[in-house]
Amino acid sequence: MAPMDKQLNSFSNLVEALSKLPSIGKKSALKMAYTLCIDDVALGLNIAESINEALHSTRKCNICGGLSEGEVCHICVDSMRSNGKLCIVGHPKDIFLIESLKEFFGKYCVLESIKDFDFEALIKRIEKEKIEEIIFAFAPSLSSDVLITHLQDKLAHLNLKFTKIAQGVPSNVNLDNIDHFSLSKAFIYRVDL
Ligand SMILES: [Zn+2]
């Protein structure tokens, strides 16, 4: 992209910032910035305010690691969801995907990185919440299979049923690239481990 007019510093900064978003190239960033600043100023202001508010109010739940507006999220405080099932996902946004399926009514645990993961806290949680089934909802891949085996080893002494989503889900893609129907089917027909 040609360098922009030096007078357009703030516009250039916006384009630069937008282009850092996942899957947004320089061309799309320029289009978006133009829409936000010129074509639809109301939308621009609304997005600016929404970002500001969300940045100040959104955090990770102390219990599950999902997104929350308080210390503990609405799913973790909901006693109706204590059904003995715990779904382990690889990213907080995967909780939204699984919630949208309306097939799962238990609780969640986010495991983003094995290095920083607190196994002691998970084991305590499993005991306290009387968890009986652990559902691994990772996108199928060799590395997620390795991770699942590792988790099963760590939790082997707890007498749990382990299942994972599988059928109809392609390998090596993120859950958010899987269509609603396939993910729903994968959840319902999850396989025993
Ligand atoms: Zn939570």
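Quantities reported herein were computed from a predicted structural model and do not represent experimental measurements. (Residues numbered from 1 in each chain as written. Predicted model: local features only at pLDDT ≥ 70, side-chain atom pairs only at ≥ 80, totals over all residues. Heavy atoms only, no water.)

So, the coordination of the zinc ion
On the protein side, the zinc ion has Cys 61 (SG), Cys 64 (SG), Cys 73 (SG) and Cys 76 (SG) as donor atoms, found 2.3 to 2.4 Å from it. Because the angles between the 4 donor atoms bound to the zinc ion fall within 107 to 116 degrees, the donor set is best described as tetrahedral. Along the chain, the residues donating to the zinc ion are arranged with the sequence spacing C-x2-C-x8-C-x2-C. Both residues of the pair, Cys 73 and Cys 76, belong to the buried class. (Donors = N, O, S within 2.8 Å, 3.2 Å for Na, K, Ca; no water. Tetrahedral: all angles 85-135°; square planar, octahedral: opposite > 155°, others 65-115°. Buried < 20%, exposed > 50% of the residue type's maximum accessible area, 1.4 Å probe, protein only.)

Description of the pairing of strand S4 (residues 107–110)
Burial along S4 is two-sided: Lys 107 and Cys 109 facing one way and Tyr 108 and Val 110 facing the other are all buried. Relative to S4, strand S3 (residues 85–89) runs parallel, the two sharing 4 bridges. Paired with Leu 86 across the bridge in S4 is Lys 107. Note on the crossover from S3 through helix H4 (residues 92–101) to S4: the handedness is right-handed. (Helix = DSSP H or I, 4+ residues; strand = E, 2+ residues; numbered from the N terminus. Pairing = 2+ DSSP bridges. Right-handed = clockwise from strand over helix to strand, strands pointing away.)

Details of the sheet that holds strand S5 (residues 133–136)
Taken in spatial order, the 5 strands line up as S4-S3-S5-S6-S7 in an open sheet, and their pairing is mixed. If you trace the sheet from one side to the other, it starts and ends with S4 and strand S7 (191–192), each paired once.

Brief notes about a nonpolar patch on the surface
A surface patch of nonpolar side chains, amounting to about 360 Å² of accessible area, comprises Leu 43, Ile 47, Ile 51 and Leu 55. Relative to the helices and strands, Leu 43 is located in helix H3 (residues 41–57). A residue is classified by how much of its surface remains accessible, and Leu 43, at 36% relative accessible area, is partly exposed. (Patch = residues over 30% accessible without salt bridge, like charges linked within 9 Å, V, L, I, M, F, W, Y side chains within 5 Å. Areas by Shrake-Rupley, 256 points an atom, 1.4 Å probe, with all protein chains shown as cover. Salt bridge = Lys/Arg side-chain N within 4 Å of Asp/Glu carboxyl O.)

Examining the packing of aromatic side chains
Tallied over the full model, the rule gives 5 aromatic pairs. On the basis of an interplanar angle of 80 degrees and a centroid distance of 5.1 Å, the ring pair of Phe 117 and Phe 119 is categorised as edge-to-face. Pair check on accessibility: Phe 117 and Phe 119 agree, each one buried. What links up through ring pairs into an aromatic cluster is the set Phe 104, Tyr 108 and Phe 187. One residue, Lys 154, lies across the ring of Phe 119, its end atom 4.9 Å from the ring centre. (Phe/Tyr/Trp six-rings, centres within 6.5 Å; stacked < 30°, edge-to-face > 60°. Lys NZ or Arg CZ within 6 Å of the ring centre and 35° of its normal.)

Things to note about the pairing of S3
Looking along a regular strand, one sees the side chains alternate between the two faces of the sheet. Counting buried residues in S3 gives 4 out of 5 residues, a clear majority hidden from the surface. Bridge analysis of S3 against S5 gives 4 bridges, and the strand direction is parallel. Along S5, the bridge assignment pairs Leu 86 with Ile 134.

Things to note about the nonpolar core
The biggest cluster of nonpolar side chains holds 22 residues, and the ones touching the most others in it are Cys 87, Val 89, Ile 98, Tyr 108 and Phe 187. Where this core is concerned, the elements lending two or more residues are S3, H4, S4 and helix H7 (180–188). Excluding residues within four positions of it along the chain, Ile 98 makes contact with Cys 87, Val 89, Phe 104, Tyr 108, Ala 137 and Phe 187. Core analysis: the second largest hydrophobic core is formed by 20 residues, Ile 88, Cys 109, Phe 138 and Leu 160 among them. (Core = buried A, V, L, I, M, F, W, Y, C linked by side-chain atoms within 4.5 Å. Contact = heavy atoms within 4.5 Å.)

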